[in-house]
Amino acid sequence: MDKLYWLDQIKLQDRAKVGDKAFYLSRIMQRGYPVVPGFVVSAEVLRYFLESLNSSDSLVADLPHSSLHLDVDNWRQLQHVAGRLRQEIITASVPPQWASKIFTAAREWQTGCLIFRPTLFVSGATQGTKNMSGLLESVFCPCDEEAIALALKRTWSQLFRARSLLYWRQAGINLQKINLAVLVQPVDNAIASGLLNANTSTWEIEATWGLGMAIANGEVLPDAYHIQRETGVVLERQLGNKMLAYGVDHGPCLDTGQSFPKSVLTADSTCLLAYLLEETQQKQYALSEEYLQQLIALGTQLVSEIGTTLTMKWTIAQTSSAPKLLLTQVSPPQSVIKSLYFIKALGAAGGRVMGNAYIIGSSQQKPETLPKGVILIATVVTPDWLPLLQQVAGIITERGGLTSHAAILARELCIPAVVSATDATTLIQNGERLLLDGDRGEVYRIRSDGSEGVQVKMGSGENLALTSPQIPSPPLPDSPLTPHVPMIATQLLINLSQPSLIEQVQSFPVDGVGLLRSELMVLSILDGQHPHSWLLGGRQAELLERWSEQIRQFARAFAPRPVFYRSLDWRSQDLPSLSDGLQSSSQSMLGERGTYNYLQNPAVFELELKALASVQASGYSNINLMLPFVRTVEEFIFCRRKVEQAGLTQVSQFQLWMMAEVPSVLFLLPEYVKAGVEGISIGTNDLTQLLLGVDREQGQLAKIFDERHPAVMGAIAQLIKMARVAGIPCSICGQAPALYPEIIDKLVQWGITSISVEPEAVERTYQAIARAEQRLILAAARRQLGEL
């Protein structure tokens, strides 16, 4: 036994080792609630104990790895096997160092009595395993090494009782999937104990004198209090029938000052005493008004954090200093454990969704297909996964930040996503039912039935079937069906890549497409092959036709509004499934990105230009080109000449822009303008990572990767000012305005020409721009009045 797991130190990844009861109690304790202290003897200790049983009986020798294929309908056989197994466990020896370690730890509590609570985790548990209350019982024992060893064995042996074996079989649970840990806690005498049952309509509190054993054993009719959920007002009180109570016999070695009536009924080796209550005490409520109000307040706080349905067991312990209200157990609701998430990471794309987990481990290749409506859990998601992602209901990745590929793809597809979820592929089990909250960056286990891929409306708890990415439609300006929305002068553009979203977004109040991501747009037409492979295979004409048609769909849908097509910006590690056979620096954070790649391998760039020319020839003059990741003026000049050779500049409306994302543009923008740049779009994702030296794919550095950093905001302000001086438009298409709407005030104030965001951010960005412009107008009016 390497370690004990103390409640205040249990981590998310320890859940399978410590069991659900201890895990949820630890989460409550770590949130500051008053909980009886304790530590856990992990499930691994039981497995080791069973493996070390020295028995010639094959049934016992293979116990840790046996499924015990019993005929549970044969009661004789069931009772015989259960008796044999429990006898082997009880008569076996617990290593002395184990009992000593538990005893040493328990002595810190200065108590003469301990309780050993079974705490279970069932791997891949289904709906049939919900109700296990009463299946395994707590064991009390004096605080000495011999009694501790016996209590440990008595707790473990319950796993093999006849009723337990029957339950496992009927529930379809393989014994090898059951993790039984033991929560060890001190037992102090109590003034009163009981439980609080909360549901969506009313609360009920039950209370009795002494320890809660009397309620658990059905030996008393407890006092009952009915509470109004919304106000905490006591609606009704019912005095119970409480003739006896339980206390603790700490023994002669520990004088607690507690005295019991002379009418002690039972006193055994478990350190519990049952005694008759005086008649006057029987006629009194066990809870004083002070503790009743404390309990209601505690319940109100728990409900606000966990959910409207829960059960909590409590005790008013007679500690050495003063009586104290403590929680002994919290049973979370069977549906969603609202704040007791088991994974907390970065919320990358908003929305809440329920679905079954589908895990792709780091050693696995990208799958050919994914089941529809699942929540995908992967180490990392690269752009070539995009065709698959349109099938999933949610995304969880172990790596990546808010501007990682997984985050960007999820936001465009309006799929809830959580990134930088460390160890998610090991903490989550394949097929497990989950709720993913992309707004809070939290993942919960679900215990209730429900259809796959269910979208949950924020704040309403209502379930809607999720059949495809759904984007909320923003209000149209001056629409007769919506309240008046002010017109805005700053252009609002949209970031897109998927033709499947065109129908949903083309009626949005946007002035065009500010960023058409080519590298994502073409993935659906490449049939899993790199463009170079198409060209080498002599299929240039076919690829050109497909490419042209993809662009044409956007030009047609948004005409006459402009569409800014950004040419390919690929790194080889972004497309592991598309091998082009060309040598590259696959491990580089930057790789041969952007226009530098066009110099090295111009064939694909030339194909893109032909596709744009084909769209122009179809009569669409609203298509423009934006060059990505331009490092030098020479790179831009090379590309401009290619553009001219393709005939694109013969259309007067055509504009050649560049992304402003490499920091050198802060010094070279006037030179770029002289070379022919007609507009810039600030890419805050790359600009931030290069200015701050932080890889945007590293979620653990999320606190450092912040577009609101003074260096980044200063660079953005400088670029806007330089563009105004040069007389060219300046847009911004990175994630910053969508993630941090508060910076829009600054952008508008500095004179940004346009802001381009993901579809899901259109409404809030429109409103933020309107507010920013109104504030500027108001400030100008006030200044004018002040001058009069």
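Every chain is numbered independently, its residues counted from 1 as its sequence is written. In view of the model being predicted, local features appear only for residues whose pLDDT reaches at least 70, and side-chain atom pairs are presented and counted only at 80 or more, with totals across whole chains, interfaces and linings using the full set of residues. Only heavy atoms go into the side-chain values, all of them from the structure, while hydrogens and water stay out.

Moving on to the state of the cysteines. A pair of cysteine sulfur atoms is labelled a disulfide when the two atoms are within 2.5 Å. Following the criterion strictly, the structure yields one disulfide and no others. Between Cys 141, a free cysteine, and Cys 271, which holds the nearest cysteine sulfur, the sulfur-to-sulfur gap is 6.5 Å. The buried label applies to any residue whose accessible area, calculated with a 1.4 Å probe on protein chains only, is under 20% of its type's maximum; exposed applies above 50%, and partly exposed to all values in between. By relative accessible area, Cys 141 is classed as buried at 3%.

On to the packing of helix α17 (residues 540-558) against helix α19 (residues 603-617). Think of two packed helices as two axes; the pair is described by the angle between the axes and how far apart they sit. For helices, the axis comes from a line fit to the C-alpha atoms of the stretch in contact; other axes are also lines fit to C-alpha atoms, and the angle between any two N-to-C directions lies between 0 and 180 degrees. Secondary structure is summarised from DSSP: a helix means a run of H or I of at least four residues, a strand means a run of E of at least two, and numbering begins at the N terminus for each. Axis separation between α17 and α19 bottoms out at 8 Å; the angle between their running directions is 50 degrees. In terms of orientation, α17 and α19 fall into the oblique class. α17 and α19 meet at a crossing whose hand is right-handed. Facing α17, whose interface residues are Gln 540, Leu 543, Leu 544, Trp 547, Ser 548, Ile 551, Arg 552 and Ala 555, α19 presents Val 604, Leu 607, Glu 608, Lys 610, Ala 611, Leu 612, Ser 614 and Val 615. Any residue outside Ala, Val, Leu, Ile, Met, Phe, Trp, Tyr, Cys, Pro, Asp, Glu, Lys and Arg is labelled polar, Gly included; the first ten of those are nonpolar and the last four are charged. Classifying every residue of the contact of α17 with α19 gives 10 nonpolar, three polar and three charged. Throughout this description, any angle smaller than 35 degrees is read as roughly parallel, any larger than 145 degrees as roughly antiparallel, any in the 65 to 115 degree range as roughly perpendicular, and the remainder as oblique. Two helices that cross are described as forming a left-handed crossing if the nearer one is turned anticlockwise from the farther one by less than a right angle, and a right-handed crossing if clockwise. Any pair of residues with heavy atoms lying within 4.5 Å of one another is described as a contacting pair.

Along the chain, Ala 559 connects to Pro 560 via a cis peptide bond; the corresponding omega equals 5 degrees. Assignment of secondary structure puts Pro 560 in the loop between α17 and β27 (563-566). Its identity is not glycine, yet Phe 629 carries a phi of approximately 45 degrees, on the positive side. Structurally, Phe 629 can be placed in the loop between β28 (623-627) and α20 (633-645). Overall, Phe 629 belongs to the buried group, its relative accessible area being 1%.

With respect to the secondary-structure elements, Asp 423 resides in the loop between β20 (417-419) and α13 (424-427). Assessed through its relative accessible area of 36%, Asp 423 is described here as partly exposed. Spatially, the C-alpha atom of Asp 423 lies 9.4 Å from that of Arg 399, the residues being 24 residues apart in sequence.

The criterion for an aromatic pair is that two Phe, Tyr or Trp rings (for Trp, the six-membered ring) have centres within 6.5 Å, with stacked assigned to planes under 30 degrees apart, edge-to-face to planes over 60 apart and tilted to the rest. Within this structure, the stated rule accounts for 12 aromatic pairs. Pairwise contacts between aromatic rings join Tyr 48, Phe 49, Trp 98 and Trp 156 into one cluster. The criterion is that NZ of a Lys, or CZ of an Arg, lies within 6 Å of the ring centre and within 35 degrees of the ring normal, and then a charge sits over that ring. Positioned above the aromatic ring of Trp 534 is the side chain of Arg 539, whose terminal nitrogen or guanidinium carbon lies 3.9 Å from the ring centre. The ring of Phe 629 has Arg 593 sitting right over it, with the charged end atom 4.1 Å from the ring centre.

Our next topic: helix α6 (residues 145-157). Working rule for helices: expected span equals 1.5 Å times residues minus one. Helix length check: α6 (13 residues) gives 18 Å between terminal C-alpha atoms against 18 Å at 1.5 Å per residue, within 8%. Taken together, the buried positions of α6 are Ala 147, Ile 148, Ala 149, Ala 151, Leu 152, Lys 153, Thr 155, Trp 156 and Ser 157. At the N-terminal boundary of α6, the capping side chain belongs to Asp 144, with an oxygen 3.2 Å from the backbone nitrogen of Glu 146. By the criterion applied in these results, polar contacts are pairs of N or O atoms within 3.5 Å in which, for protein atoms, one can donate a hydrogen and the other can accept it, and in which residues neighboring in sequence qualify only through two side-chain atoms.

Moving on to the nonpolar core. If you look at the biggest cluster of nonpolar residues, it comprises 111 residues, and the most contacted ones within it are Trp 547 and Ile 680. Here this core gets eight residues from one element, more than from any other, and that element is helix α23 (residues 710-726). Beyond its immediate sequence surroundings of up to four residues, Trp 547 is in contact with Met 521, Val 522, Ile 525, Pro 531, Tyr 565, Leu 568, Val 604, Leu 607, Glu 608 and Ala 611. Side-chain atoms within 4.5 Å link the members of a nonpolar core, which is a set of buried Ala, Val, Leu, Ile, Met, Phe, Trp, Tyr and Cys residues. Counting residues in each nonpolar core, the second largest holds 63 residues, with Tyr 275, Leu 298, Leu 310 and Leu 436 among its members.

Ordered by their spatial adjacency, six strands build an open sheet running β9-β8-β7-β6-β13-β14, and the pairing between neighbours is antiparallel. On the outer flanks of this sheet lie β9 (234-238) and β14 (323-331), each paired with one strand and no other. Taken over all neighbouring pairs, the strand axes of this sheet differ in orientation by 20 degrees on average, direction set aside. Whether two strands pair depends on DSSP finding at least two bridges between them. As judged from the eight bridges shared by strand β6 (residues 190-198) and strand β13 (residues 310-318), these two strands associate in the antiparallel manner. Bridge pairing in β13 places Asn 197 opposite Thr 311. Set on the sheet, helix α10 (residues 289-306) makes contact with β6, β7 (202-209), β8 (223-228), β9, β13 and β14; between it and β13 the angle comes to about 145 degrees.

Between helix α22 (residues 684-692) and α23, whose axes approach to 10 Å, the crossing angle comes to 125 degrees. Relative to α23, the element α22 lies oblique. Once α22 is placed against α23, the crossing between them reads as right-handed. Every residue of α23 that contacts α22 at Thr 684, Leu 687, Thr 688, Leu 691 and Leu 692 is listed here: Ala 711, Val 712, Ala 715, Ile 716 and Leu 719.

Note that Gln 735 resides in the loop between β31 (730-732) and α24 (736-739). Among the residues examined, Gln 735 registers a relative accessible area of 1% and is labelled buried. As a C-alpha pair, Gln 735 and Glu 758 span 23 residues in sequence and 8.2 Å in three-dimensional space. Other than its neighbours up to four places away in sequence, Gln 735 contacts Thr 403, Ile 408, Arg 411, Arg 517, Thr 684, Asn 685, Glu 707 and Glu 758.

Here we take up the pairing of strand β19 (residues 394-397). Neither face of β19 is open: one carries Gly 394 and Ile 396, the other Ile 395 and Thr 397, and all of them are buried. For strand β18 (residues 375-378) and β19, the ladder comprises four bridges, and the chain directions are parallel. By the bridge assignment for β19, Ile 377 is matched with Ile 396. Where β19 meets β20, two bridges bridge the pair, whose relative direction is parallel. Bridge pairing links Ile 395 to Ala 417 in β20. Each parallel crossover has a hand, and the one from β19 via helix α12 (residues 405-413) to β20 is right-handed. When the strands point away from the viewer and the connection leading from the first strand across the helix to the second strand turns clockwise, the crossover is called right-handed.

Right, let's get into the pattern of salt bridges. Note on definitions: salt bridges are taken to be side-chain nitrogens of Lys or Arg within 4 Å of carboxyl oxygens of Asp or Glu. Taken as a whole, this structure holds 26 salt bridges when the rule is applied. Arg 517 is paired through a salt bridge with Glu 412; the nearest N and O atoms lie 3.1 Å apart. With Arg 517 in strand β26 (residues 513-517) and Glu 412 in helix α12, the pair connects residues that are 105 residues apart, well separated along the chain. There is no split in this pair, since Arg 517 and Glu 412 are both buried. Between Glu 758 and Arg 517 there is a salt bridge, and its shortest N-O distance comes to 2.9 Å.

This next bit is on the side chain of Thr 379. Relative to the assigned elements, Thr 379 resides in the loop between β18 and α11 (386-389). Relative accessible area serves as the criterion here: at 7%, Thr 379 is assigned to the buried category. Ignoring any residue separated from it by four or fewer positions in sequence, one finds Thr 379 in contact with Ile 360, Gly 361, Ser 362, Thr 397, Glu 398, Arg 399 and Thr 425.

The next subject is helix α7 (residues 162-171). Counting buried residues in α7 gives seven out of 10 residues, a clear majority hidden from the surface. Burial in α7 covers these residues: Ala 162, Ser 164, Leu 165, Leu 166, Tyr 167, Trp 168 and Ala 171. Buried residues along α7 sit against α4 (75-91), β3 (113-122) and β5 (178-186). Looking one or two residues beyond α7, the residue adopting positive phi is Gly 172, at roughly 70 degrees.

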